[in-house]
Amino acid sequence: MVRTPLTPWERERGERFGALLREARGDRSMVDVAAAAGVSAETLRKIETGRAPTPAFFTVAALAAALSISLDVLVAACAAAEPGAGDAGEALSA
């Protein structure tokens, strides 16, 4: 199976997601957060640096739980600049 190349927006969204995770991690080590989420430190590093811009849902959910971040917050932060999405805040309040 050939994977369709990511669009520039999808790559940018992955970078925003990674930056949000880095910020939420704060002073905690990458190894500690990865272990708490049940993923490898290498996987977390790739996500944080944008090298893995489309992680699996269960990986995202595990990282959100390990970092005490709501999935709604992640969606709002990552979809805010989606082309044609309008205001992300409107979608959350609907």
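In what follows, the structure referred to is the one given above.
Residues numbered from 1 in each chain as written. Predicted model: local features only at pLDDT ≥ 70, side-chain atom pairs only at ≥ 80, totals over all residues. Heavy atoms only, no water.

## Re the side chain of Arg25
At step 1: Turning to its location among the elements, Arg25 is positioned in helix H1 (residues 8-25).
At step 2: A polar contact is formed between the side chain of Arg25 and the side chain of Glu48, at a distance of 2.8 Å.
At step 3: Excluding its chain neighbours within four sequence positions, the residues that come into contact with Arg25 are Met30, Val33, Leu44, Glu48 and Leu67. (Helix = DSSP H or I, 4+ residues; strand = E, 2+ residues; numbered from the N terminus. Polar contact = N/O pair within 3.5 Å; in protein donor to acceptor, adjacent residues only side chain to side chain. Contact = heavy atoms within 4.5 Å.)

## So, H1
Along an α-helix, a turn takes 3.6 residues, which lines up residues three or four apart on a common side.
At step 1: Across its 18 residues, H1 extends 26 Å between first and last C-alpha, which sits within 8% of the 26 Å expected from 1.5 Å per residue.
At step 2: On the buried face of H1, the contacting elements are helix H2 (30-37), helix H3 (41-49), helix H4 (57-67) and helix H5 (71-79).
At step 3: One or two residues past the end of H1 sits Gly26, with phi positive at roughly 55 degrees. (Expected span 1.5 Å × (residues − 1).)

In short, geometric facts, not functional conclusions.
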